[in-house]
Amino acid sequence: MNVQSRPQAILCSVAHNRTVLFGRINRRQMSGQAALGERTFADDMGALAESCLTRAVTNDRKYGSREWIAADLSVDPHGTFLTGILGYTVRDQFRSFDEGAWSWVKGETLNATGATAVTVVPFAVDLSEHGRWVGFATSQSIRQQAFSDGFSAVLNEAVKRLDLWPTDWEFDLVVSRTKVRSWIADNPNVVRMVRRLQHSNPGRDLDSDRRYMRSLGATSMEETYKAAKNERLDTASQAFEEKLIGLETGDASINLWAQPEDGGQKVLFKSDTKSDSASVDEFGANLTNGMELVQRALADYIASK
């Protein structure tokens, strides 16, 4: 007698990954946008790492007040990367279970302030003078804008208290032109573009746009391009290609709107939310491992540029 075997359940282990996003630290002196002084970026970051002053409070309409702290800052033996942990504190109540009364109601309630698994993330910084690339792991609570706000805040607070110059440090997300081109390939009918340009750093070799910004005392400029009715922007032109300059270094950002072939609602591309990224293994509560994974991902990203 033939015995038909029952189907066996196949257990697949799903690998959990963490997303690492990339950006760049830009040091900008808004007043006059003069060239930087003689101190190197690595020297400044080393001073910040040793200062224990990388703590700042931000206020946001959505999230309210947050105290951010960048800690565990360490430069590798080769002086190539700085790694650390950025996080903010939260206050919450914890109710213990009363074993004797077998009751949650009668359990003691404790108030505690600290960080949780989703309010701290590891990061790494490339210390080369013309690099200044940053990689950071995201969490449920810390994504693009939150990290940018918190990281910029702690840097500027420490720079101010250490009296370093210049005093305007910003963290800008970066996106490759290939990512923009890939989106355009899927959405060719680009009908509108808004480009925002900031000062480059270290403030040398200003182009005509930035010279004009400086003459007005402006920190940024915004320009809008709109296609004629039933037409689309020439995204294959050299003029359009030149408008992508700065995306890969954080000096520019763009929003693109494309009209679908079926005439439906326009599709939007925002470079601020499409930063270059990589995937690393989930490190859970092992933040030391997390810093190592992020540093490795950043090194691979730099090597690919």
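Residues numbered from 1 in each chain as written. Predicted model: local features only at pLDDT ≥ 70, side-chain atom pairs only at ≥ 80, totals over all residues. Heavy atoms only, no water.

### A look at unusual backbone geometry
(1) Moving on: The phi torsion at D72 lies on the positive side, around 55°, for a residue other than glycine.
(2) Moving on: You can see D72 is positioned in strand β3 (residues 64–75).
(3) Moving on: D72 gets classed as exposed once you look at its relative accessible area, which sits at 54%.
(4) Moving on: Although it is not a glycine, R132 sits at a positive phi angle of roughly 60°.
(5) Moving on: Looking at the secondary structure, you find R132 in the loop between β7 (120–126) and β8 (133–137).
(6) Moving on: With relative accessibility at 3%, the residue R132 sits in the buried group. (Helix = DSSP H or I, 4+ residues; strand = E, 2+ residues; numbered from the N terminus. Buried < 20%, exposed > 50% of the residue type's maximum accessible area, 1.4 Å probe, protein only.)

### Quick word on the pattern of salt bridges
(1) Moving on: Summed over all chains, the structure comprises ten salt bridges.
(2) Moving on: R27 is the salt-bridge partner of E129, the closest N and O atoms lying 3.0 Å from each other. You can see E129 sitting in the loop between β7 and β8 and its partner R27 sitting in strand β1 (residues 17–27), a full 102 residues away along the chain.
(3) Moving on: A salt bridge links E241 to R177; its shortest N-O distance comes to 2.8 Å. Of the two residues, E241 sits in helix α5 (residues 238–243) while R177 sits in helix α3 (residues 177–186), which places them 64 residues apart along the sequence. (Salt bridge = Lys/Arg side-chain N within 4 Å of Asp/Glu carboxyl O.)

### What about the nonpolar core?
(1) Moving on: Membership of the largest hydrophobic core comes to 32 residues, with the highest contact counts inside it found for I25, M45, V125, F147 and F151.
(2) Moving on: Among the elements of the structure, β1, α1 (41–51), β3, β4 (81–88), β7, β8, α2 (144–162) and β9 (169–173) are those that each provide at least two residues to this core.
(3) Moving on: At eight residues, α2 tops the list of elements feeding residues into this core.
(4) Moving on: Setting aside residues no more than four positions away along its own chain, I25 makes contact with F41, M45, V125, R132, V134, F151, L155, W169 and E170.
(5) Moving on: Grouped together as the second largest cluster of nonpolar side chains are 19 residues, V180, V190, M213 and L247 included. (Core = buried A, V, L, I, M, F, W, Y, C linked by side-chain atoms within 4.5 Å. Contact = heavy atoms within 4.5 Å.)

### Some thoughts on the sheet that holds strand β13 (residues 267–270)
(1) Moving on: Taken together, the four strands give an open sheet; going across it, the order is β11-β10-β12-β13, and neighbouring strands pair in antiparallel fashion. Each of the sheet's edge strands pairs with one partner strand only, and the pair in question is β11 (220–226) and β13. In this sheet, neighbouring strand axes are inclined to one another by 10° on average, regardless of whether the strands run parallel or antiparallel.
(2) Moving on: With seven bridges connecting them, strand β10 (residues 190–198) and strand β12 (residues 252–258) associate as antiparallel partners. Looking across to β12, one finds that R196 is bridged to S253.
(3) Moving on: The sheet contacts of α3 involve β10, β12 and β13, and relative to β12 the element is tilted by about 5°.
(4) Moving on: Set on the sheet, helix α4 (residues 208–216) makes contact with β10 and β11; between it and β10 the angle comes to about 60°. (Pairing = 2+ DSSP bridges. Axes fitted to C-alpha atoms, helices over the stretch in contact; angles between N-to-C directions.)

### Focus on the packing of aromatic side chains
Note on aromatic pairs: each is described by the distance of the centres and the angle between the planes.
(1) Moving on: On inspection of all chains with the given rule, the structure shows 14 aromatic pairs.
(2) Moving on: Between the aromatic rings of F123 and F147, the centroid separation amounts to 6.3 Å while the plane-to-plane angle is 65°, which identifies the pairing as edge-to-face. Here F123 is found in strand β7, whereas its partner F147 is found in helix α2, with 24 residues between them in sequence.
(3) Moving on: When the centroid spacing of 5.4 Å and the interplanar angle of 45° are considered together, the rings of W183 and F269 count as tilted. Of this pair, W183 sits in helix α3 while F269 is found in strand β13, placing the two residues 86 residues apart along the sequence.
(4) Moving on: Its guanidinium or amino end placed over the ring of Y88, R66 lies 4.1 Å from that ring's centre, counting from NZ or CZ.
(5) Moving on: Just above the ring of W257 sits the side chain of R192; from NZ or CZ to the centre is 4.5 Å. (Phe/Tyr/Trp six-rings, centres within 6.5 Å; stacked < 30°, edge-to-face > 60°. Lys NZ or Arg CZ within 6 Å of the ring centre and 35° of its normal.)

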